[in-house]
Protein chains: 2
Amino acid sequence: VAAIVVAAGRSERLGRDKLFVELAGRPLLEWTLSAFEACELVDIVALVLSESNLSLGTSLARSGAFPKVGPIRLGGARRQDSVCAGLDAVGGYAWVAVHDGARPLLTPDLIERGIVAARETGAAIPGVQPKDTVKRVGAGCEVIETPDRSRLRAIQTPQVFRRDLLVAAYSNGCREVTDDAALLEAIGLRVVVYPGSYENLKVTTPDDVVVAEALLSRRLAAR
Amino acid sequence: VAAIVVAAGRSERLGRDKLFVELAGRPLLEWTLSAFEACELVDIVALVLSESNLSLGTSLARSGAFPKVGPIRLGGARRQDSVCAGLDAVGGYAWVAVHDGARPLLTPDLIERGIVAARETGAAIPGVQPKDTVKRVGAGCEVIETPDRSRLRAIQTPQVFRRDLLVAAYSNGCREVTDDAALLEAIGLRVVVYPGSYENLKVTTPDDVVVAEALLSRRLAAR
């Protein structure tokens, strides 16, 4: 299994590179890489960086703490360009686990659950039932529908795929996507949701930094 | 406008009464009541408590810091019984803002936005676009659909209604509901979503306590 850690985003909402925000004393990306390092089912990690964080990210990955990090690639402007760069770099592996670098709270357990789930179906993505009621609204923000919450899942990463399925999905044309699984769904492939973790948030806003810091500090304190 | 603060939940997932968890030095419920106290458009607050927190909640509400708190009522086993107890207690008011006591991060601004929005339509509820992709799954957790996220809203409280509309919705029969707006939708009334706040979380799990504590501490530090 090869992990593809996508860390090429532009952090527009945060105003500085979120991948290197300090969280409980360590850069965000270090937390992310540590989880893959500690997961026995992951053989190699491909890291996809942006031009602006290539130097910092490479230093971190080559610091000695992350021997699993193999290829380091430059991503593109769109998320899918970055994922494709990662896919190219791990051509020899049958399975890939694609992860948003900005989700530092994943655990080795979560990754393992994803890999086990994907082996049965070819594609497995982590999800949690939304804590709040979710409604569908119209153009004027009027409520149109309240879907059954027990059948909704807020989707996270790592998303684990048979590599050939994801390659096929991407070669089907590259519209702007934020979600790899949607590409498989679009060509009729079956995707299952495995249990994610409420902690596994994506750090995007200053609020998220406060929340991630608090959760990671507690995790350190509990060790 | 009368606010109805529902604080009669059983806190099963937290193992102790979440309404009185300390957050940044103050009990959770104190944060909640403070926001209504500070919102100029709210005239009175009806507080609905459970048997187990009636004494503690009454002491807090009558401490002198919350002159707007008028009726204090005992809630029921189901959420709707508690809302109905609150509705009965504020019969003289044309508008009600129903709020989960366990959402301590609301602000006077948020309440005001809700009241202004409700005046146009009769029913307005706060919502934010989910940060994660949301998918609909089937019985085997297989993905069935990825709805357009820009048209989804994670719904919060305070939910503001013309009192007579909410009374009508409740008198239409009381199935188990976690969401007052759904009752209005069920009898064909129009409900609009106004902009909520990502901070406005409902404290349910130990994780939520950590997150609320961090966000409220930051709020205090920024004063």
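Now for a look at the structure at hand. Everything numeric in this text was worked out from a predicted model, so none of it was measured.

Basis of the calculations
- Residues numbered from 1 in each chain as written.
- Chains lettered and ligands numbered in written order.
- Predicted model: local features only at pLDDT ≥ 70, side-chain atom pairs only at ≥ 80, totals over all residues.
- Heavy atoms only, no water.
- Helix = DSSP H or I, 4+ residues; strand = E, 2+ residues; numbered from the N terminus.
- Rg over C-alpha atoms; globule rule 2.2 N^0.38 Å.
- Buried < 20%, exposed > 50% of the residue type's maximum accessible area, 1.4 Å probe, protein only.
- Contact = heavy atoms within 4.5 Å.
- Core = buried A, V, L, I, M, F, W, Y, C linked by side-chain atoms within 4.5 Å.
- Pairing = 2+ DSSP bridges.
- Right-handed = clockwise from strand over helix to strand, strands pointing away.
- Least-squares fit on C-alpha atoms with pLDDT ≥ 70 in both.
- Expected span 1.5 Å × (residues − 1).
- Buried area = accessible area lost by both parts, 1.4 Å probe.
- Salt bridge = Lys/Arg side-chain N within 4 Å of Asp/Glu carboxyl O.
- Polar contact = N/O pair within 3.5 Å; in protein donor to acceptor, adjacent residues only side chain to side chain.
- Nonpolar A, V, L, I, M, F, W, Y, C, P; charged D, E, K, R; others polar.

**As for the overall build of chain A**
Part 1 of the reasoning: What chain A contains, in helices and strands, is seven helices and 12 strands.
Part 2 of the reasoning: Over its C-alpha atoms chain A spans a radius of gyration of 17 Å, differing by no more than 12% from the 17 Å that the globule rule assigns to 223 residues.
Part 3 of the reasoning: Each principal axis of the C-alpha distribution contributes one length, and for chain A these read about 50 × 40 × 35 Å.
Part 4 of the reasoning: Of all 223 residues assigned to chain A, the portion counted as buried reaches 57%.
Part 5 of the reasoning: A fraction of 73% describes how many contacts in chain A between residues 6 or more apart in sequence connect residues 24 or more apart.

**Thoughts on the nonpolar core**
Part 1 of the reasoning: Counting 94 residues, the largest nonpolar core has L29(A), L33(A), L47(A), L29(B), L33(B) and L47(B) as its most contacted members.
Part 2 of the reasoning: Each residue touching L29(B), except ones within four places of it in the same chain, is listed here: V5(B), A7(B), L19(B), F20(B), L47(B), L49(B) and L60(B).

**With respect to unusual backbone geometry**
Residue and element names in this part refer to chain A.
Part 1 of the reasoning: Note that the residue after T157, namely P158, is joined by a cis bond; omega there is 10°.
Part 2 of the reasoning: Among the secondary structure elements, P158 is positioned in the loop between β10 (152-155) and β11 (159-162).
Part 3 of the reasoning: Positioned with a positive phi, A24 is a non-glycine residue whose angle comes to about 50°.
Part 4 of the reasoning: By the element assignment, A24 lies in the loop between β2 (22-23) and β3 (26-27).
Part 5 of the reasoning: Owing to a relative accessible area of 16%, A24 belongs among the buried residues under this scheme.

**Considerations on the pairing of strand β4 (residues 44-49) of chain B**
Residues and elements named next belong to chain B.
Part 1 of the reasoning: Burial runs high along β4: six of the six residues are buried.
Part 2 of the reasoning: In terms of strand pairing, strand β1 (residues 2-7) meets β4 through six bridges, oriented parallel. Residue V6 lies in a different strand from β4, and its bridge partner there is V48.
Part 3 of the reasoning: The pairing of β4 with strand β5 (residues 69-74) spans four bridges and is parallel. Looking at the pairing, L49 lines up with L74 of β5.
Part 4 of the reasoning: Between the parallel elements β4 and β5, the chain passes through helix α2 (residues 54-61) in a crossover that is right-handed.

**Digging into the pairing of β1(B)**
Along any regular strand the residues' side chains alternate between the sheet's two faces.
Residue and element names in this part refer to chain B.
Part 1 of the reasoning: Across the six residues of β1, six count as buried, placing the element largely inside the fold.
Part 2 of the reasoning: Burial along β1 is two-sided: A2, I4 and V6 facing one way and A3, V5 and A7 facing the other are all buried.
Part 3 of the reasoning: Sheet analysis places β1 next to strand β6 (residues 95-100), joined by five bridges and oriented parallel. Bridge pairing in β6 links I4 to V98.

**Thoughts on the relation of the copies chain A and chain B**
Part 1 of the reasoning: Each copy superposes on the other: chain A lies on chain B with an RMSD of 0.0 Å after a rotation of 180° and an axial shift of 0.0 Å. What we have between these two chains is a two-fold relation. Within chain A, the C-alpha atom positioned nearest to the axis of rotation is that of V211(A), 2.7 Å from it.
Part 2 of the reasoning: A share of 100% of interface residues in chain A that are also interface residues in chain B marks the association as one of identical surfaces.

**Overview of helix α7 (residues 206-222) of chain A**
Part 1 of the reasoning: With 17 residues, α7(A) extends 25 Å from end C-alpha to end C-alpha; this agrees with the ideal 24 Å at 1.5 Å per step.
Part 2 of the reasoning: Looking at α7(A), one finds that the buried residues are D207(A), D208(A), V209(A), V210(A), V211(A), A212(A), A214(A), L215(A) and L216(A).
Part 3 of the reasoning: Summarising the contacts, the buried residues of α7(A) are in contact with β2 and α1 (28-38) of chain A together with α7 (206-222) of chain B.

**Observations concerning the interface of chain A and chain B**
Part 1 of the reasoning: On the side of chain B, 40 residues touch chain A, which itself brings 40 residues to the contact.
Part 2 of the reasoning: Roughly 3500 Å² is buried in total at the junction of chain A and chain B, and carbon and sulfur atoms are behind 54% of that figure.
Part 3 of the reasoning: Inspection of the region where chain A meets chain B yields 10 salt bridges.
Part 4 of the reasoning: Here chain A and chain B share 22 residue pairs in polar contact (both at pLDDT 80 or more) between them.
Part 5 of the reasoning: When residues of the side of chain A that touches chain B are traced back to their parent elements, those giving at least two are β8 (134-137), β10, α6 (180-186), β12 (192-195) and α7 of chain A.
Part 6 of the reasoning: For the side of chain A that touches chain B, the leading source of residues is α7(A), giving eight residues.
Part 7 of the reasoning: In terms of residue class, the side of chain A that touches chain B is made up of 19 nonpolar, six polar and 15 charged.
Part 8 of the reasoning: Pairing of β10(A) with strand β8 (residues 134-137) of chain B, which is carried by three bridges, proceeds in the antiparallel orientation. Within β8(B), the residue paired with A154(A) across the bridge is V134(B).

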